[in-house]
Amino acid sequence: MFDITALELSKAIKNKKYSVTEVTEAYIEKIRGNNNKYNTFITISADRALRQAEAVQKRIDSGENISALAGVPVSLKDNISTLDIETTCASKMLKGYVPVYNATAADRLEQAGMIVLGKMNMDEFAMGGSSETGALGTVKNPWDINRVAGGSSGGSAAGVAAGEIPLSLGSDTGGSIRQPCSFCSVTGIKPTYGAVSRYGLIAYASSLDQIGPIGKNADDCAALLSVISGKDGMDGTCTLEKPFDFKSETQTQKGIRIGIPRNYFNKELDDDVGNAVINAAKELEKTGAELEEFDMPLMDYAVEAYYIIACAEASSNLSRYDGIKYGYRSQKAQTLPEVYRFSRSEGFGLEVKRRIMLGSFVLSSGYYDAFYKKALHARSLIKNAYDSLFGRYDIILSPVAPTTAYKIGENISDPLKMYMGDIYTVSVNLAGLPAISLPCGFDRNKMPVGFQLIGAAFSENTLINAARIYQLNTEWHKNKFNTKQVYKKCGNR
Amino acid sequence: MWEPVIGLEIHAELSTSTKIFCGCSTEFGAEPNTLVCPVCSGMPGVLPRLNEAVAVYAVRLGLLLNCSINPNSVFDRKNYIYPDLPKSYQISQLYTPVCTDGKLEITSGGKTKIITIREIHIEEDAGKLIHDPLSGNTLMDFNRCGIPLVEIVTNPDFETAGEVAEFLENLKEILMYADICDCKMQEGSIRADINLSIRQKGGELGVRTEMKNLNSFKAIGRAVESETKRQTEIIESGGKITQETRRWDDNKQKSFSMRSKENANDYRYFPEPDMQPLIISDDMINGIKNTLPELGTQKRERYEKDWHIAKNDAEIITSHKNIATVFEELSEKSGSPSESANLITGEIMRLMNTHSIRPENLKVNCDKLSYLIKLEHSGKINGNSYKKTVAAVFKDNVEPDDYIMKHGLLMNSDNDAVSRAVKKVLSDNSVAADDYRNGKEKAFGFLMGAVMKELRGSGNPEIIRKSLTEILSNGDGRI
């Protein structure tokens, strides 16, 4: 059951090959058997999952057609609120915090009959690109445990890669789904801003955050995205009227125009990564797509604008953690200002504090116009640039990250280098666009490479169709880190 | 000669039934922390969603204050950390408020004057901290978190405390008549801050101070006088005014410095990313325009012109919307505005006074009261019985007919019964009868009262008068 996709697993359950409880127990055993080798799970909600499994089995037995993913185990990044399950954002600040409500996305998983197995490790408050900044330690890459899994949804991507969970929800603010997927050789979707309700997602940067699926292939991810997407009365910024319904079975890319940003392939980009991405483009060309190179405008502004806006919003979003109502409170504090100062100094990690300081600074009187306002301006220029590009192309194809997974500890003390690792992903969030990240090869160290397909707002269908066709014709996504088996089609590099 | 230049910032709680960003009730006085949910208590991950009624109320006020309505206004976050603010930011409007450039006319000291309004913006209220002196603890009540507010900001157009008071009275009347705010200062549903500086008449504007904690209109007047005097004394003794926020202590009739400009918070305002801009269409504006309520001034005019109510009475009736509403219902049901006005300005006001009932809590059964007006008018009961029954309806909501029957209040127009009562009174009060015959007119009134008393108050005064005159002049009264 670990080798089949989530959709196949749900079918097998429907056909009585496995019971939901059997599947749930097998996955719990697998997670426990790994004994935290990859440090993927923060919380395993086994008892709750088994109760849920029984209830879902009853619904299936009574003949209810729940969903295409009924009975399938799923996990959530630990910044998505889950009723009665501790939700920490991998921060000392929220240790012991148990939400009194479910995020809308979490609710919808349960409505679809999926079994929530637990909460995944991440960078603290989703701030980081390597899942090294969390208070609960670094997530390890199953392909090489000396290397990072990427971040911030590193636990979700590594968990899927390690076969501990067939599907997981991550969140993507500047690449946090796509980059760990690329590092761990799994598939993930960053949906259009407004496609999935953010209600219950503990905010890092509200205007950029989006919850999205991580799984073994595009079809599984599409099925999970259908479950969680669509309007929600609790989120005024969630504008997608109806949940996605991905039915297209087209086998051809005929007439699809793909743009490739020439200037992304510069000296900062690792050669192996560049080659693998170009090969992926050629593969899509074989199935009928038309390729064209162009220069991506404003490339130099994206990372700067992103960090100003994201940190500004974060400084405000994280100010509610004051040591008063829930979460960490310093024992040293005697006065109200000390409760604030000590609790926040001790409760937050270094990277979070760095971003709060940066964000407070760019919003301060006298600096607002010089930084924040300019960043907003850059953001609208980037958005306009994408708008005009999508007049010419259906899809933009690009690398996800300049490198494959690096060694744990290698970059953590060089924040600027880390931030520059987001160069290919952040502009997508600034423009609120959808993108899918999928495996396309390996580098000289046998570490996975991914590429991304970016589309116009709410063009998820186009992206998923292209990804599905790509995965029908390639086997990269089927490679397993522990079998060392390299599928035939990988040879066409 | 120094003169003050004054501007006002008024916070008014909107009378919506639910909070600004969630479905929690806005009821006042509930048990602490019972009207809260994840959204208004700022739990991690929650998002605001605007209560549409809030926009409608704000636009209604904007129209009544002759403002331009912004078709596309944006919410901003005002960041500051304090235990009564669970998100550590307040959602407000800084850069593009919903209404701008309004005006309101006032009449003060016999002069009419236009006060211009800079803006009206929408924001959320914070919770309440309660300091328990016994335990030394500070307790938090989040029930008030997320109550919708509008802040009305005037330009510095006021020159006297009288103008400020007149403006606030006019504004309060508009807020109440348009059902925007109940204006209960004692519950904090309307609060005003004063910005004040002084200058030589017609000269350059001086440095201003902001005065907070003004809990009544009277306190506002006193604070204006006090601050004008304080600033004048400083300047005349060669000192300089510091730009600062001051706190008024109405018991000490003095203000105290809270914080200076140097220590002012940097609120790091920025556009609220969790909310879409507030779009107000022409259709919405027209819809609100077409359903604007009649204000106090308009009612007074109509009462005087159409219903011939005395100016004084019209003012009493419109002093509170609730009273005007009762008056209009009574007038309609009784068919007699003038008798309704008499009832309200007379008996009803007296009864409210006796029973310490505030106008906002006035509740009467207009069906029963209008029925009594008709009974009295048609001579079925006399003035005494009318007042008695009105009081019983007011206090205990009795059934008028039952009450009248039970207490024998139906007007006694039975000639025989009256003449029997007259004869008894004259025989019991022969001295008074003689006094009258000897030309003491006053004695007649006494005898009238005695007969009425004999008839347990229900006698028809005309028949008593007739019978008494007749019997006295016939000499039959002497026994």
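Heads up: these notes are all about the structure in this document.

Cut-off values and rules
- Residues numbered from 1 in each chain as written.
- Chains lettered and ligands numbered in written order.
- Predicted model: local features only at pLDDT ≥ 70, side-chain atom pairs only at ≥ 80, totals over all residues.
- Heavy atoms only, no water.
- Helix = DSSP H or I, 4+ residues; strand = E, 2+ residues; numbered from the N terminus.
- Rg over C-alpha atoms; globule rule 2.2 N^0.38 Å.
- Buried < 20%, exposed > 50% of the residue type's maximum accessible area, 1.4 Å probe, protein only.
- Contact = heavy atoms within 4.5 Å.
- Areas by Shrake-Rupley, 256 points an atom, 1.4 Å probe, with all protein chains shown as cover.
- Salt bridge = Lys/Arg side-chain N within 4 Å of Asp/Glu carboxyl O.
- Buried area = accessible area lost by both parts, 1.4 Å probe.
- Polar contact = N/O pair within 3.5 Å; in protein donor to acceptor, adjacent residues only side chain to side chain.
- Nonpolar A, V, L, I, M, F, W, Y, C, P; charged D, E, K, R; others polar.
- Axes fitted to C-alpha atoms, helices over the stretch in contact; angles between N-to-C directions.
- Parallel < 35°, antiparallel > 145°, perpendicular 65-115°, else oblique.
- Left-handed = near helix turned anticlockwise from the far one by under 90°.
- Core = buried A, V, L, I, M, F, W, Y, C linked by side-chain atoms within 4.5 Å.
- Domains from an automatic or database assignment.
- Pairing = 2+ DSSP bridges.
- Expected span 1.5 Å × (residues − 1).
- Bend = angle between axes of the 7 residues up to and from the residue.

A separate point is the overall build of chain A. On a plain count of helices and strands, chain A comes out with 15 helices and 13 strands. In terms of overall size, chain A behaves like a compact globule, its C-alpha atoms giving a radius of gyration of 21 Å where 493 residues would be expected to give roughly 23 Å. Each of the three principal axes of chain A carries a C-alpha extent, and together these read 65 × 55 × 45 Å. Taken over 493 residues, chain A has a buried fraction of 65%. A separation threshold of at least 6 residues defines the contact pool for chain A, and within that pool the share at least 24 residues apart is 75%. By element, 52% of the accessible surface of chain A is carried by carbon and sulfur atoms, the whole surface being about 17800 Å².

This part covers the pattern of salt bridges. Residues and elements named next belong to chain B. The full count for this structure, using the stated rule, is 53 salt bridges over all chains. Put simply, Asp434 and Arg437 hold a salt bridge, and the shortest N to O gap is 3.5 Å. Separated by 3 residues within a single helix, Asp434 and Arg437 lie in helix H13 (residues 430-437), roughly one turn from each other.

Reports of interface size often rely on the accessible area that becomes lost once the parts have come together. Counting from both sides, the interface comprises 30 residues of chain B and, opposite them, 38 residues of chain A. Around 2800 Å² of area is buried between chain B and chain A when both sides are counted, 58% of it from carbon and sulfur atoms. Considering only the surface of chain B that becomes buried against chain A, Pro44, Leu47 and Arg268 of chain B emerge as the three largest contributors, covering 22% of it. Summed over the shared surface of chain B and chain A, the result is 1 salt bridge. Here chain B is connected to chain A by 17 residue pairs in polar contact (both at pLDDT 80 or more). Of all the secondary structure elements, the ones that give two or more residues to the side of chain B that touches chain A are strand E4 (76-79) and strand E15 (270-271) of chain B. The residue makeup of the side of chain B that touches chain A, split by class, is 19 nonpolar, 5 polar and 6 charged.

All names here are of chain A. Axis separation between helix H9 (residues 299-317) and helix H12 (residues 368-392) bottoms out at 9 Å; the angle between their running directions is 125°. Considering the angle they form, H9 stands oblique to H12. As for the relative orientation of H9 and H12, their crossing is left-handed in sense. Contacts between H9 and H12 pair Ala302, Ala305, Ile308, Ile309 and Ala312 from the former with Phe371, Tyr372, Ala375, Leu376, Ala378, Arg379 and Ile382 from the latter. Partitioning the contact of H9 with H12 into residue classes produces 11 nonpolar, no polar and 1 charged.

Time to look at the nonpolar core. Ranked by size, the top nonpolar core spans 266 residues in total, and within it Phe125, Tyr386 and Leu453 of chain A together with Phe167 of chain B carry the most contacts. Sort the elements by how many residues they give to this core and H9 of chain A lands first, with 12 residues. When residues are assigned to domains, this core turns out to be shared by domain 1 (11-194 + 250-283) and domain 2 (296-406) of chain B, each giving three or more. With near-sequence residues (within four places) excluded, Tyr386 of chain A lies in contact with Tyr264, Met296, Ile396, Ser427, Val428, Ala431, Leu433 and Ile454 of chain A. Within the second largest apolar cluster, 19 residues are counted, among which are Ala421, Leu426, Ala433 and Ile463 of chain B.

Moving on to unusual backbone geometry. At the junction of Gly151 of chain A and Ser152 of chain A, the peptide bond is cis and its omega measures out at 10° in the coordinates. As for its position among the elements, Ser152 of chain A is in the loop between strand E5 (144-148) and helix H5 (154-161). Phi is positive for Gln253 of chain B, close to 55°, though the residue is something other than glycine. For Gln253 of chain B, the location among the structural elements is in the loop between strand E13 (244-249) and strand E14 (254-260). One non-glycine residue with positive phi stands out, namely His308 of chain B, at about 55°. Relative to the helices and strands, His308 of chain B resides in the loop between helix H5 (296-307) and helix H6 (311-317).

Residues and elements named next belong to chain A. Across the sheet, 11 strands lie side by side as E1-E3-E2-E6-E8-E7-E12-E13-E11-E9-E10; this open sheet has mixed pairing. At either end of the open sheet lies a strand with only one pairing partner, and these are strand E1 (41-44) and strand E10 (290-294). Taken over all neighbouring pairs, the strand axes of this sheet differ in orientation by 30° on average, direction set aside. By the bridge criterion, 2 bridges tie strand E7 (residues 187-190) to strand E8 (residues 211-215) in an arrangement that is antiparallel. Bridge assignment links Thr187 to a residue of E8, and that residue is Gly215.

Turning our attention to helix H8 (residues 337-354) of chain B. Residue and element names in this part refer to chain B. The terminal C-alpha atoms of H8, which comprises 18 residues, lie 24 Å apart, in line with the 26 Å expected from a rise of 1.5 Å per residue. At Ile344, H8 is deflected by roughly 35°, the largest bend along its length. Of all the positions in H8, only Pro337, Glu339, Ser340, Ala341, Leu343, Ile344, Glu347, Ile348, Leu351 and Met352 are classed as buried. Tucked inside the fold, the buried residues of H8 contact H5, H6, helix H7 (321-334), helix H9 (366-377) and helix H10 (383-396).

For the rest of this paragraph, the subject is helix H12 (residues 415-428) of chain B. Count 3.6 residues to each turn of an α-helix, and residues three or four apart come out pointing the same way. Across its 14 residues, H12 of chain B extends 20 Å between first and last C-alpha, which sits within 8% of the 20 Å expected from 1.5 Å per residue. On its buried side, H12 of chain B packs onto H13, helix H14 (442-454) and helix H15 (461-474) of chain B.

A few words now on the sheet that holds strand E7 (residues 111-124) of chain B. All names here are of chain B. In space, the 9 strands of this open sheet follow the order E2-E6-E7-E10-E1-E11-E12-E13-E14, with mixed pairing throughout. Strands at the two margins of the open sheet, each flanked by one partner only, are strand E2 (68-69) and E14. Sheet analysis places strand E1 (residues 2-13) next to strand E10 (residues 148-154), joined by 5 bridges and oriented antiparallel. By the bridge assignment for E10, Glu9 is matched with Val153. Packed on one face of the sheet, helix H1 (residues 52-64) meets E2, strand E6 (99-108), E7 and E10 and runs near 165° to E7.

Note that every value here comes from positions in space, so none of it alone points to a role or purpose.
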